[in-house]
Amino acid sequence: MAETMKTLSGIAFLRTPNSSFEGLPGYPYPPSFVEIDGLRMHYLDVGPRDGPVALLMHGMPTWSFLNRGIIARLVADGWRCIAADHFGFGRSDKPVDDAWYSIARHTAAHRTLIEHLDLQGVTLFCQDWGGPTGLAQAAEMPERFERLVIMNTWLHHEGYDYSPAIHRWNAGWQPDGMFVTNIPERLSVGWFMMVSLGHMTAREMFAIIEDGVYPTLTPAGDAARRGYDAPFEDLGRAGHAGPRRFPLSLPFTNPEGGNAAAQQRHYDALLTWTKPVHFIWGGADNIFTEAWGREWAGRFPQATFDVLLEAGHFLQDTHGDAIADLFFARMAS
């Protein structure tokens, strides 16, 4: 059961109990926490402390569990991996006021973590909202970063063409939209993720919403479903404020909440990036398309671009080993 609502510094929040995270497959890592403005932010800090540093960023509606496959490969190769959960996600505290959340606040929290751990020589792995929040760190503290690995994300800037898929995603979280009206009462985050990860069809998702009929998942699918459901177990609608807010922070409808001006500055700053940058792209993603990934990579003369043709938006989950293989190959070249 979820813990009782807590209030610190005037912020009401929920905290997922530790029992919800027990026995998650592929995620055996002990938790670490840093306190920020009275709230507890969770992060992983695994691997040898003297190894090269990887900072792995997640987006919506995932958490550090998304990067478990890449983390396992990096740690086995001697890397120190840092992977935090945004507030509202994973094992981090979950303020219940939707208006509390902003991209600027998520970005600031990660900066605090980086400075708290005094991370140096960092390789950034980022995807989805981990792009705007993670690339901000490299743009603002370039002396701490040595390499960028950019996967299926973006930075808002003048002229950026948002895909029809991301417009539909935003619409689904507006008042009376399909997602905001059905999550979590009829459809949990974990079950929603099953479509994106290829473990069930959209038709089966609608059967859950309309009739409460759940398909039988493969063992791998059910393991992933449990992982993505764990952070929100028994938290109800109040505990899902973080996931609700990310889609409504897209700059084309909410430039202030989406930190649009800062994203433009970070985009411009990183165009002068001269250190290594590797684009690894899920080619089957209709949100951040391969064409956009190639266009962005083309703005860096030193960039490499690799596409995983069958990988979708959440490629870290479905193609973690392939991402690690590509990364190690690029490092060696």
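Parameters and conventions
Going along each chain's sequence as written, the residues are numbered from 1 onward. This being a predicted model, a pLDDT of at least 70 is required before a residue's local features are given, and a value of 80 or more before pairs of side-chain atoms are given or counted; all residues contribute to the totals for chains, interfaces and linings. Hydrogens and water are ignored here; the side-chain numbers use all heavy atoms of the structure. Numbering goes from the N terminus for both helices and strands, where a helix is a DSSP run of H or I of at least four residues and a strand is a run of E of at least two. In this setup the radius of gyration rests on C-alpha atoms only. A globule is expected at 2.2 Å times the number of residues raised to 0.38. Partly exposed residues are those whose accessible area sits between 20% and 50% of the maximum for their type, while under 20% is buried and over 50% is exposed, using a 1.4 Å probe and protein chains only. Pairs of residues are marked as contacts when any of their non-hydrogen atoms sit within 4.5 Å. What sets the accessible areas is the Shrake-Rupley method with a 1.4 Å probe; for residues, cover comes only from the shown protein chains. Positive charge is attributed to Lys and Arg, negative charge to Asp and Glu, and no charge count is given to His or to the chain ends. Here the site of a charge means NZ on Lys, CZ on Arg, CG on Asp, or CD on Glu. At least two bridges found by DSSP between two strands is the condition for calling them paired. Note on handedness: a clockwise path from strand one over the helix to strand two, with the strands aimed away from the viewer, defines a right-handed crossover. Axis lines are fitted through C-alpha atoms, for helices just across the contact stretch, and the angle between N-to-C directions can take any value from 0 to 180 degrees. What counts as a salt bridge is simple: a side-chain nitrogen of Lys or Arg found within 4 Å of a carboxyl oxygen of Asp or Glu.

Draft legend 1. Structural detail: the overall build of the protein. If you tally the helices and strands in the protein, you get 13 helices and 11 strands. Relative to the compact-globule value of 20 Å for 333 residues, the protein shows a C-alpha radius of gyration of 19 Å, a close match. Principal-axis analysis of the C-alpha atoms places the extent of the protein at approximately 50 × 40 × 40 Å. Of all 333 residues assigned to the protein, the portion counted as buried reaches 58%. The contacts in the protein between residues at least 6 apart in sequence include a share of 74% that link residues at least 24 apart. Of the roughly 13,000 Å² of accessible surface on the protein, 51% is carried by carbon and sulfur atoms. Taking the average place of the 26 positive charges on the side chains of the protein and the average place of its 38 negative ones, the gap between the two points comes to 2 Å.

Draft legend 2. Seen up close, helix α6 (residues 189–196). Within α6, 6 of the 8 residues are buried, which leaves the element mostly enclosed by the surrounding structure. Among the residues of α6, Val189, Gly190, Trp191, Phe192, Met193 and Met194 are the ones counted as buried. Contacts made by the buried residues of α6 are with α4 (164–172), α5 (178–182), α7 (202–211) and α8 (219–229).

Draft legend 3. Highlighting the pairing of strand β5 (residues 53–56). The side-chain alternation of β5 yields two buried faces, one formed by Val53 and Leu55 and the other by Ala54 and Leu56. Across 3 bridges, the pairing between β5 and strand β6 (residues 80–84) is parallel. The residue bridging Ala54 from the neighbouring strand is Cys81, located in β6. As for the winding sense of the linkage, the β-α-β connection from β5 through helix α1 (residues 68–76) to β6 is right-handed. Pairing of β5 with strand β8 (residues 122–127) involves 4 bridges; the strand directions are parallel. Its bridge partner lying in β8, Leu56 is registered against Phe125.

Draft legend 4. Local environment of the environment of Arg73. Along the polypeptide, Arg73 turns up in helix α1. Here the alpha-carbon distance between Arg73 and Asp321, two residues 248 residues apart in the chain, equals 7.3 Å. The contacts of Arg73, once residues within four sequence positions are left out, are Asp321, Ala324, Asp325 and Phe328.

Draft legend 5. Structural detail: the sheet that holds strand β10 (residues 277–282). Here 8 strands make up an open sheet; going across it, the order is β3-β4-β6-β5-β8-β9-β10-β11 and the pairing mixed. Pairing within the sheet leaves two strands with one partner each, and these edge strands are β3 (32–36) and β11 (304–308). Within the sheet, the average angular offset between the axes of one strand and its neighbour, ignoring direction, is 20°. Along the sheet face, helix α3 (residues 130–140) touches β8 and β9 (145–151) and points at about 160° away from the line of β8.

Draft legend 6. Up close: the pattern of salt bridges. Counting across every chain of the model gives 16 salt bridges. Between Asp321 and Arg73 there is a salt bridge, with its nearest N and O atoms 3.4 Å apart. Taken as a pair, Asp321 in helix α13 (residues 320–332) and Arg73 in helix α1 lie far apart in primary sequence, 248 residues in all. Several salt bridges share partner residues, and in doing so they unite Asp45, Arg49 and Arg80 into one network.

Draft legend 7. Just the pairing of strand β4 (residues 39–46), in detail. Here β4 lies mainly inside the structure; 7 of its 8 residues are buried. Where β3 meets β4, 5 bridges bridge the pair, whose relative direction is antiparallel. Its bridge partner lying in β4, Ser32 is registered against Tyr43. Examined bridge by bridge, β4 and β6 share 4 bridges and lie antiparallel to one another. What sits directly across from Leu44, in β6, is Ala83.

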